[in-house]
There are 2 protein chains.
Amino acid sequence: MASETTGQNPQTASEVGEFGIIATIIKGLGRPPAVSVGPGDDAAVFLVNGSAVTSTDMLVEGVEFRRDWSSAAEVGRKSVAVNVADLEAMGAKPVAMVIGFGIPADLPAEWVREFAKGVRAEADLAGIALVGGDITEADKVTIGVTVIGETAGLDPVLRNGAEPGEIVAVCGRLGWAAAGLAALERGFRSPRAAVDAQRVPSVPYGAGRMAARAGATAMLDVSDGLLADLNHIAQASGVWIDLDSGAFEIPEPVAVVAAAVNKDPLDFVLTGGEDHALAACFPPGELPEGFTAVGVVHAPGQDGPGVTVDGRPHEGHGGWEHFQHGQ
Amino acid sequence: MASETTGQNPQTASEVGEFGIIATIIKGLGRPPAVSVGPGDDAAVFLVNGSAVTSTDMLVEGVEFRRDWSSAAEVGRKSVAVNVADLEAMGAKPVAMVIGFGIPADLPAEWVREFAKGVRAEADLAGIALVGGDITEADKVTIGVTVIGETAGLDPVLRNGAEPGEIVAVCGRLGWAAAGLAALERGFRSPRAAVDAQRVPSVPYGAGRMAARAGATAMLDVSDGLLADLNHIAQASGVWIDLDSGAFEIPEPVAVVAAAVNKDPLDFVLTGGEDHALAACFPPGELPEGFTAVGVVHAPGQDGPGVTVDGRPHEGHGGWEHFQHGQ
């Protein structure tokens, strides 16, 4: 008789089979009223209030996550979180998601079960329904998540609406995931809060919607680093964004890692990616709950649109581009 | 100076970089009126008429396609086709799609360009707009496509609505892709029509919508083989489906391969997957254009719901399940 204890179950994905894996993932899945057809047919069917908003992310083992660094549940949670963050960044309301799942034949079935638990836990947090998916074989665990949200009465918040005189504000964590990665890369598993943040970002669910309601003119989620991502808003809006270094609180886990690796903690905050905080521009006035003012939007100076810190260009790494690691 | 000729361009994905690859893919992309935000922001935004209908597929090099068997453009076309077929199978109207794209650093940039051309050509055929995507690194080319359609005034056609007394009909090719695969596996590149069908399915775009309008009660696209897929309808609807072997025309390329490999050509037609024909049940009466009657729906017999051919169970392979190749 197979043991039910984690790690003692000898079954692999190959032994469980495609249909067994699907059953594992959709077992006990709730179906919100908006979803009329869930998993099991050729496609899922659900209501969208207003326009549909969609984004997709692909996560590959060894690139976006490592199985020796993150548990299966953490990978499942992260897969959902990074994607829903894109809906938040549009001010949209999450509705439905689908997952494409490429798995090695020898992947432990227990890993799939825990991954599915993580997906469902984060989907519940984010308020999004898993409505379908596809399973295939791959040498490395490969996860393709697509989320679909709805505008539901609010205009989507793009990147090109920032105007001089507005306030730049952030909601969520900055620098935590990058500090966690720096710790993991040096073989440490602590500070735990930073390492956990690298494994699963704490997306401020609902904050994007609040920002849209409060009149945000431009918004995005910080995936590549605050400076690099705000530069997208600066370029798209044709503005100069100047950040106030004194406006950033240095989180304690970030300070601990920075001291250990002899780095300025502000560098983690300004250039660290993967936390999926929200950064937005607002007309002057009261900011929505959870947002902190960190800078000001100006008309572009003689160097054109861009981002500065305390009026000066920030030195060092400005973001992440795949295939360009060495540059 | 870099040559523009296919195959002589030395650039790799790594050299072109993530943003260069994205530029290649979205270059010259049209934006239909329903799409208000296309690629380049955190998410795409588009109108959905009625309910949204969504499906996702993941295609991995070496599993769903081989780069030595299929050109990049063919892989691009297939990625779109297999997915839109799921919308057709619901009677939905295609609207928008997103692509997750995992690529090896040494993949020729030319492959990406040709792949993008194939994606766009098939998307145009299918009447669907590419609105966004994500690029990452992977050891093997990995493609995650998600399509979103709309019900636009017609109820979606599920698998569970078939009733005794109805007609079973098919639209599109059956057996072609399997015959092509059998040829390729033996090292042949002909008959060309069968081999091409394996590389890119000829999905009968628009036929699913016509079937829904004509009152189809159950429908799906044939991805695993007609018998295996009709069994999904039989089980979901609680009916017995009996096919008439005399109703199937044997396509010439299938006959040629069957003779060469000493196999009954009807086996290719009844059990071959990957052609993405549509199979549907209709109330007695006139069938929509392009559909051919191939069987009848009965109340389940003593063996319960299932599929027979000329009143008898069909012997042999009944479909495809990942990870169960040897069974």
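Bear in mind that the values here come from a model prediction, so they are computed numbers and not experimental data.

A. A look at the environment of Asp57 of chain B. Mapping Asp57 of chain B onto the fold places it in strand 3 (residues 52-60). Sequence-wise, Asp57 of chain B and Val82 of chain B are 25 residues apart; in three dimensions their C-alpha atoms are separated by 7.7 Å. Residue contacts for Asp57 of chain B: discarding those within four places in its chain leaves Asp134 of chain A together with Val82, Asn83, Asp86, Ile143, Gly144 and Val145 of chain B.

B. Representation of the sheet that holds strand 5 (residues 129-137) of chain B in the model. In space, the six strands of this open sheet follow the order 1(A)-2(A)-3(B)-6(B)-4(B)-5(B), with mixed pairing throughout. The open sheet is flanked by strand 1 (35-37) of chain A together with strand 5 of chain B, the only strands paired with a single partner. Averaged over all adjacent pairs, the angle separating strand axes in this sheet is 20°, with direction ignored. Sheet topology note: the strand 4 (residues 93-103) of chain B/strand 6 (residues 142-150) of chain B ladder contains nine bridges and is antiparallel. Its bridge partner lying in strand 6 of chain B, Gly102 of chain B is registered against Thr142 of chain B. Strands strand 4 and strand 5 of chain B of the sheet are contacted by helix 1 (residues 13-26) of chain B, whose axis makes an angle of about 165° with strand 5 of chain B.

C. Region of the structure containing empty space enclosed by the protein. A complete count under the given rule lists three cavities of 30 Å³ or more for this structure. Its boundaries defined by the atoms lining it, the largest cavity holds a volume of some 80 Å³. Lining of the largest cavity is provided by Val60, Ala138, Asp139, Lys140 and Thr142 of chain A together with Val60, Ala138, Asp139, Lys140 and Thr142 of chain B. Taken as a whole, the second largest cavity encloses approximately 50 Å³ of empty space. If you trace the second largest cavity, you find it lined by Thr56, Asp57, Met58, Gly100, Gly144, Val145 and Thr146 of chain A together with Thr56, Gly100, Gly144, Val145 and Thr146 of chain B. Its residues assigned to classes, the lining of the second largest cavity shows three nonpolar, eight polar and one charged.

D. Examining the sheet that holds strand 4 (residues 93-103) of chain A more closely. Spatially, six strands are ordered 5(A)-4(A)-6(A)-3(A)-2(B)-1(B) in an open sheet, and the strand pairing comes out mixed. Of all the strands in the sheet, just strand 5 (129-137) of chain A together with strand 1 (35-37) of chain B have a single pairing partner and so form its edges. Adjacent strand axes in the sheet meet at a mean angle of 20° when their direction is disregarded. Of the pairings in the sheet, the one linking strand 3 (residues 52-60) of chain A to strand 6 (residues 142-150) of chain A comprises nine bridges and is antiparallel in character. Note on strand 6 of chain A: the bridge partner recorded for Val53 of chain A is Gly149 of chain A. The sheet strands contacting helix 1 (residues 13-26) of chain A are strand 4 and strand 5 of chain A, and the helix crosses strand 5 of chain A at an angle near 165°. Across the face of the sheet, helix 2 (residues 72-88) of chain A comes into contact with strand 3, strand 4 and strand 6 of chain A while running at roughly 145° to strand 3 of chain A.

E. Just the pattern of salt bridges, in detail. Tallying each qualifying case throughout the model produces 26 salt bridges over all chains. The partner of Arg159 of chain B in a salt bridge is Asp42 of chain A, with the nearest N and O atoms 3.1 Å apart. Within this pair, whereas Arg159 of chain B is found in the loop between strand 6 and strand 7 (167-171), its partner Asp42 of chain A is found in the loop between strand 1 and strand 2 (44-46), the two belonging to separate chains. Across the salt bridge formed by Asp196 of chain B and Arg199 of chain B, the nearest N and O atoms sit 3.4 Å from each other. Linking Asp196 of chain B with Arg199 of chain B, this pair stays in helix 5 (residues 192-199), spanning three residues, or about one helical turn. The partly exposed category is assigned to Asp196 of chain B, whose relative accessible area is 28%. A cluster of three or more residues bridged by salt bridges with shared partners is formed by Glu74, Arg192, Asp196 and Arg199 of chain A.

F. Summary view of the nonpolar core. Residues Leu226, Leu230, Ile241, Leu243, Phe248 and Phe268 of chain B are the most contacted members of the largest nonpolar core, which totals 41 residues. Leave out the neighbours within four places in its chain, and Leu230 of chain B touches Val168, Ile241, Leu243, Ala279 and Val307 of chain B. Core analysis: the next-biggest nonpolar cluster, separate from the first, contains 40 residues, Trp69, Ala183, Leu243 and Cys281 of chain A among them.

G. Region of the structure containing the interface of chain B and chain A. With 68 residues of chain B at the contact, the number on the chain A side is 67 residues. Along the contact surface separating chain B from chain A lie six salt bridges. Where Lys140 of chain B meets Asp139 of chain A, a salt bridge forms, and the shortest distance between an N and an O atom there is 3.0 Å. The interface formed by chain B and chain A contains 17 residue pairs in polar contact (both at pLDDT 80 or more). For the side of chain B that touches chain A, the elements supplying multiple residues, two or more each, are helix 1, strand 2 (44-46), strand 3, strand 4, strand 5, strand 6 and strand 8 (218-221) of chain B. Considered class by class, the residues forming the side of chain B that touches chain A number 36 nonpolar, 18 polar and 14 charged. Across three bridges, the pairing between strand 2 of chain A and strand 3 of chain B is antiparallel. Residue pairing across strands places Val45 of chain A opposite Val53 of chain B, the latter belonging to strand 3 of chain B.

Rules of the game
Every chain is numbered on its own, with residues counted from 1 as its sequence reads. Each chain takes a letter, starting from A, and each ligand takes a number, starting from 1, following the order in which they are written. The predicted origin of the model limits local features to residues at a pLDDT of at least 70 and limits the giving and counting of side-chain atom pairs to 80 or more, whereas totals for whole chains, interfaces and linings rest on all residues. Here the side-chain values reflect all heavy atoms present in the structure, with hydrogen atoms and water set aside. Helix numbers and strand numbers start at the N terminus; a helix is a DSSP run of H or I with at least 4 residues, a strand a run of E with at least 2. Two residues form a contact once any of their heavy atoms are found within 4.5 Å. Strands were regarded as paired on the criterion that DSSP finds at least two bridges between them. Note on geometry: axes are C-alpha line fits, over the in-contact stretch for helices, and angles between N-to-C directions span 0 to 180 degrees. Cavities and pockets are found on a 1 Å grid laid over the protein atoms alone: a cavity is a set of points where a 1.4 Å probe fits but cannot escape, a pocket is an open set with protein on both sides within 12 Å along at least five of seven lines, and a lining residue has an atom within 4 Å of such a point. Grid points are joined across faces, edges and corners, and a volume is the space filled by probe spheres set on the points. Under the convention adopted here, Pro, Cys and the residues Ala, Val, Leu, Ile, Met, Phe, Trp and Tyr are nonpolar, Asp, Glu, Lys and Arg are charged, and Gly plus all remaining residues are polar. Take a side-chain nitrogen of Lys or Arg and a carboxyl oxygen of Asp or Glu: if they are within 4 Å of each other, that pair is a salt bridge. Between buried and exposed lies partly exposed: a residue is buried under 20% and exposed over 50% of the maximum accessible area for its type, with that area taken using a 1.4 Å probe on protein chains only. What makes a nonpolar core is a set of buried Ala, Val, Leu, Ile, Met, Phe, Trp, Tyr and Cys residues whose side-chain atoms join them at distances within 4.5 Å. Counting of polar contacts relies on pairs of N or O atoms within 3.5 Å, with two restrictions inside protein: one atom must be capable of donating a hydrogen and the other of accepting it, and residues adjacent in sequence are counted only when both atoms are side-chain atoms.

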